[in-house]
Amino acid sequence: MIVDRQGRRFRNLRVSLTSACNYACTYCVPNGKRLVAAQDELSAEAMARGVAYLIEAAGIERLRITGGEPLVSPKLEAFMTAVGQMGLEDISLTTNGQLLARKLPLLVDAGIRRINVSLDTLNAAAFRGIARGGDLATVLDGMEQARAAGIKIKVNMVPLRGQNLDQVLPLLDYCLERGYELRFIELMRMGHLASDSNAFLQQFVSLQQLLSLIGERYEYLQADAPVDATAVRYEIPGHGHFGVIANESVPFCRTCSRLRLSSTGWLHGCLSSSNRHYVGDLLDKPRHQALPALQRLLVKALGDKQEVAFSGGATVMKIIGG
Ligand code: SAM
C-alpha cells in the first residue's frame, strides 16, 4: 500500500465518466457553453479496467461515479455493470438529477443505494440562471422517484452570495421534510475562480455565515463523521442532519483519501494541484505490466496532495469530477 508521511493513502476513487454535461453552471463554466465529451475519452471497458487496477495498486475501497454529468454518458450501463462485480465496499453517484427518473431502473439494477444530487435553488428562475440548462421540476421529480425506490439521497448546494443565499433555509426545510441530507459546499477556487479572486470573494459564503443563517431557525449540534470525511456534519435534533464541505473554513487536506480518474485517462491526486498523471495507455496492458507502472504514478499522485489547506487550481471541476 502506498502511504505518505502524513499517513494518507488513497481509499476513495472518483471516476469522471465523461466531461460532457447538460448544464453550464456559472461557477463551473465561465463562458456558459456546455461541455461536450472529449474526443479522446476512454471506453467504458478501459475505465472499468482502470478501477480494477486501482483497487489492486492503490487499495481503493469506495467508488463515486461523477462527471461532467455521468447520466448523459452512453458508457454508463457497461461501466456500472463491470464495476458492480468488483467487490467494492460502496459505489455511489453524483448527478445533477436531470436524467435521474429515466436512468433509475438501470441504477437500481446496478445496486446503487446512495446518490448525491446537485441542486442550488428551489426557485425555477434562479435555477435557470445558475445551471443554464435543465428544468427544476424534473430534478425534484427524479429525487422523489429515487427516494421511493429506496435510494438514500444527499443534496449538494453551493451557496453563492447574490444568487441563492435566500435559498439556504427553504432548501434545508425541503430536505429535512423528505429525509434528504443537505450538504452545503463552500465555493472552491477552481477553474476561472482560481485566477479571479474578486469573482470568488464576491460570491463566497463561509461556514460561519451559513451556520449563523441556519441558527436563526434551528438549533444544531456537531455530529460524528468518519475520520476522512470531507464534510463537517451537524444534527438538528428531531429533524435530521446537514453537512458543510468547508474547503476554505475547515480544510480537510490532512486526512484526504481521494484519487480521481478523468474520462481521458488522467490520474489526479489533488483537486488543488495542476499535476496529473496519464494512465490511459496502461489500461490496455495486461495486469502484470500495468500494475508496477501504475504504482510509480500513484506515488507521484499522492505526493501532489496539499499538506494542510486547499489552495485552488485552474482545473475545471467538470473535467475531473467534483
Ligand atoms: N454533473 C454532476 C453534478 O452536477 O453533480 C457531477 C459533476 S459536478 C462538477 C459535481 C459537484 O461539483 C456539483 O455539486 C457542483 O455544484 C460542484 N462544483 C463545481 N464547481 C464548483 C466550485 N467551483 N466550487 C464548489 N463546488 C463546485
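The structure under discussion appears in the preceding block.
These remarks concern the structure in this document. (Residues numbered from 1 in each chain as written. Predicted model: local features only at pLDDT ≥ 70, side-chain atom pairs only at ≥ 80, totals over all residues. Heavy atoms only, no water.)

### Comments concerning the site of the ligand
Right, on to step 1. Surrounding the ligand, one finds 18 residues, the nearest of these being Y27, G68, E69, S118 and M188.
Right, on to step 2. Between T95 and the ligand, the recorded distance is 3.4 Å, taken from a backbone N or O atom to an oxygen atom.
Right, on to step 3. Measuring from an oxygen atom of the ligand, one finds a side-chain N or O atom of S118 at 2.5 Å.
Right, on to step 4. Within the complex, 95% of the 550 Å² of free accessible area of the ligand lies under protein.
Right, on to step 5. For the shell around the ligand, a count of residues per class yields seven nonpolar, nine polar and two charged. (Near = heavy atom within 4 Å. Polar contact = N/O pair within 3.5 Å; in protein donor to acceptor, adjacent residues only side chain to side chain. Areas by Shrake-Rupley, 256 points an atom, 1.4 Å probe, with all protein chains shown as cover. Nonpolar A, V, L, I, M, F, W, Y, C, P; charged D, E, K, R; others polar.)

### What to know about the pattern of salt bridges
Two side chains that carry opposite charge are able to pair once their charged atoms sit near each other.
Right, on to step 1. Evaluated as defined, the whole model comprises 15 salt bridges.
Right, on to step 2. We note a salt bridge from E181 to R233, for which the minimum N-O separation is 2.9 Å. Within this pair, whereas E181 is found in strand β6 (residues 181-185), its partner R233 is found in strand β8 (residues 232-236), the two being separated by 52 residues in sequence.
Right, on to step 3. Salt bridges sharing partners connect three or more residues here, namely R62, E89, D90 and R114. (Salt bridge = Lys/Arg side-chain N within 4 Å of Asp/Glu carboxyl O. Helix = DSSP H or I, 4+ residues; strand = E, 2+ residues; numbered from the N terminus.)

### Here's the deal with the sheet that holds strand β2 (residues 62-66)
Right, on to step 1. Reading across the sheet, the 12 strands line up as β7-β8-β9-β6-β5-β4-β3-β2-β1-β10-β11-β12 and stay open at both edges, with mixed pairing between neighbours. What marks the edges here is a single partner per strand, and that holds for β7 (221-222) and β12 (277-278).
Right, on to step 2. The sheet contacts of helix α9 (residues 207-215) involve β6, β8 and β9 (240-245), and relative to β9 the element is tilted by about 155°. (Pairing = 2+ DSSP bridges. Contact = heavy atoms within 4.5 Å. Axes fitted to C-alpha atoms, helices over the stretch in contact; angles between N-to-C directions.)

### Brief notes about the pairing of β8
Right, on to step 1. Going residue by residue along β8, you find V232, Y234 and I236 tucked away on one face and R233 and E235 left uncovered on the opposite face.
Right, on to step 2. Sheet topology places β7 next to β8; two bridges connect them, and they run antiparallel. Across the sheet, residue L221 finds its bridge partner in β8, namely E235.
Right, on to step 3. Bridge count for β8 against β9 is five bridges, and the pairing is antiparallel. Within β9, the position partnered with I236 by the bridge is G240. (Buried < 20%, exposed > 50% of the residue type's maximum accessible area, 1.4 Å probe, protein only.)

### Some remarks on the packing of helix α1 (residues 44-58) against helix α10 (residues 287-303)
Right, on to step 1. Close contact between α1 and α10 brings their axes to 10 Å; oriented N to C, the two are set at 65°. Of the two possible hands of crossing, α1 and α10 adopt the one that is right-handed. Across from Y53, L54, E56, A57 and A58 in α1, the residues of α10 making contact are R287, A290, L291, L294, Q295 and L298.
Right, on to step 2. Grouping the constituent residues of the contact of α1 with α10 by class yields eight nonpolar, one polar and two charged. (Left-handed = near helix turned anticlockwise from the far one by under 90°.)

### Points about the environment of R217
Right, on to step 1. In this fold, R217 is placed in the loop between α9 and β7.
Right, on to step 2. Taking the relative accessible area as the measure of exposure, R217 reaches 45% and is therefore partly exposed.
Right, on to step 3. Sequence spacing of R217 and M80 is 137 residues, and the spatial spacing of their C-alpha atoms is 41 Å.
Right, on to step 4. The contact partners of R217, leaving out residues within four places of it in the chain, are L169 and D173.

### Notes on the nonpolar core
Right, on to step 1. Residues L63, F79, L294 and L298 are the most contacted members of the largest nonpolar core, which totals 104 residues.
Right, on to step 2. Setting aside its immediate chain neighbours within four residues, L294 contacts Y53, L54, A57, L267, V279 and L282. (Core = buried A, V, L, I, M, F, W, Y, C linked by side-chain atoms within 4.5 Å.)

### Structural notes on the packing of aromatic side chains
Right, on to step 1. Counted under the stated rule, the structure contains eight aromatic pairs.
Right, on to step 2. Here the aromatic rings of F184 and F242 are separated by 6.1 Å at their centres, their planes lie at 75°, and the arrangement is edge-to-face. Of this pair, F184 sits in strand β6 while F242 sits in strand β9; the two residues are 58 residues apart in sequence, bridging distant segments of the chain.
Right, on to step 3. Members of the aromatic cluster, each reached through a chain of ring pairs, are F184, Y220, Y234 and F242.
Right, on to step 4. When the ring centre of Y174 is taken as origin, the NZ or CZ atom of R178, which lies over that ring, is 3.6 Å away.
Right, on to step 5. The residue whose ring lies beneath R276 is W266, and the NZ or CZ to ring-centre distance is 3.7 Å. (Phe/Tyr/Trp six-rings, centres within 6.5 Å; stacked < 30°, edge-to-face > 60°. Lys NZ or Arg CZ within 6 Å of the ring centre and 35° of its normal.)

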